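# An overview of the molecular structure
Listed here are the chains, written in short residue letters.
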Amino acid sequence: MPQYQKYVENWTLAANTSVWGYWLTWENIPGVGPNMGPLLIGADPVSHQKAEVDMAVFDLAKCRRAPGAGGKTEVFYQFGFRNLSQIDAAFGFELILFRDLMP
């Protein structure tokens, strides 16, 4: 069954700008395997801003680390946010994790 997670970060991104290089990983969490996914990520604009807010997630990539001492190549996800609005916008992000689809 899909799992919803909300990250209330309250970041602010200037109008008509982008930022890239955010990442998610489940490495080194006891009882949780590192190879999670597939997933969907969405920007989550804070409500009650002074104008319409249009945010986008772009260049979502599933990546693997170089092999460590144990020979494992853990998965991580890297992505960026784009503010398509005419105002500086506050936002967090949310994701839906479909780990039940993993073999």
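Residues numbered from 1 in each chain as written. Predicted model: local features only at pLDDT ≥ 70, side-chain atom pairs only at ≥ 80, totals over all residues. Heavy atoms only, no water.

Here we come to the overall build of the chain. Looking only at helices and strands, the chain has 0 helices and 6 strands in total. Taken over the C-alpha atoms alone, the chain extends approximately 50 × 30 × 20 Å along its principal axes. Here the contacts in the chain between residues at least 6 apart in sequence split such that 77% fall between residues at least 24 apart. Of note, the chain has its 8 positive side-chain charges centred 8 Å away from the centre of its 10 negative side-chain charges. (Helix = DSSP H or I, 4+ residues; strand = E, 2+ residues; numbered from the N terminus. Contact = heavy atoms within 4.5 Å. Lys, Arg positive; Asp, Glu negative; His and termini not counted. Charge placed at Lys NZ, Arg CZ, Asp CG, Glu CD.)

A few words on the packing of aromatic side chains. Scanning all chains against the criterion turns up 12 aromatic pairs. Plain terms: the ring middles of Trp 11 and Phe 81 are 6.0 Å apart, the flat faces sit at 55 degrees to each other, and that makes the pair tilted. Of this pair, Trp 11 sits in strand E1 (residues 3-13) while Phe 81 sits in strand E5 (residues 75-83); the two residues are 70 residues apart in sequence, bridging distant segments of the chain. Consider the rings of Phe 81 and Phe 93, whose centres lie 5.9 Å apart with planes at 45 degrees: the pair is tilted. (Phe/Tyr/Trp six-rings, centres within 6.5 Å; stacked < 30°, edge-to-face > 60°.)

Counting residues in hydrophobic clusters, the biggest one holds 19 residues, and the most contacted among them are Leu 24, Trp 26, Ile 41, Met 55, Phe 81 and Phe 93. Secondary structure elements with two or more residues in this core: strand E3 (39-45), E5 and strand E6 (89-97). Ranked by residue count, the leading element in this core is E6, at 5 residues. The residues contacting Phe 81, other than those within four sequence positions of it, are Trp 11, Leu 13, Thr 17, Ser 18, Val 19, Tyr 22, Ala 43, Ala 56, Val 57, Phe 58, Phe 91 and Phe 93. (Core = buried A, V, L, I, M, F, W, Y, C linked by side-chain atoms within 4.5 Å. Buried < 20%, exposed > 50% of the residue type's maximum accessible area, 1.4 Å probe, protein only.)

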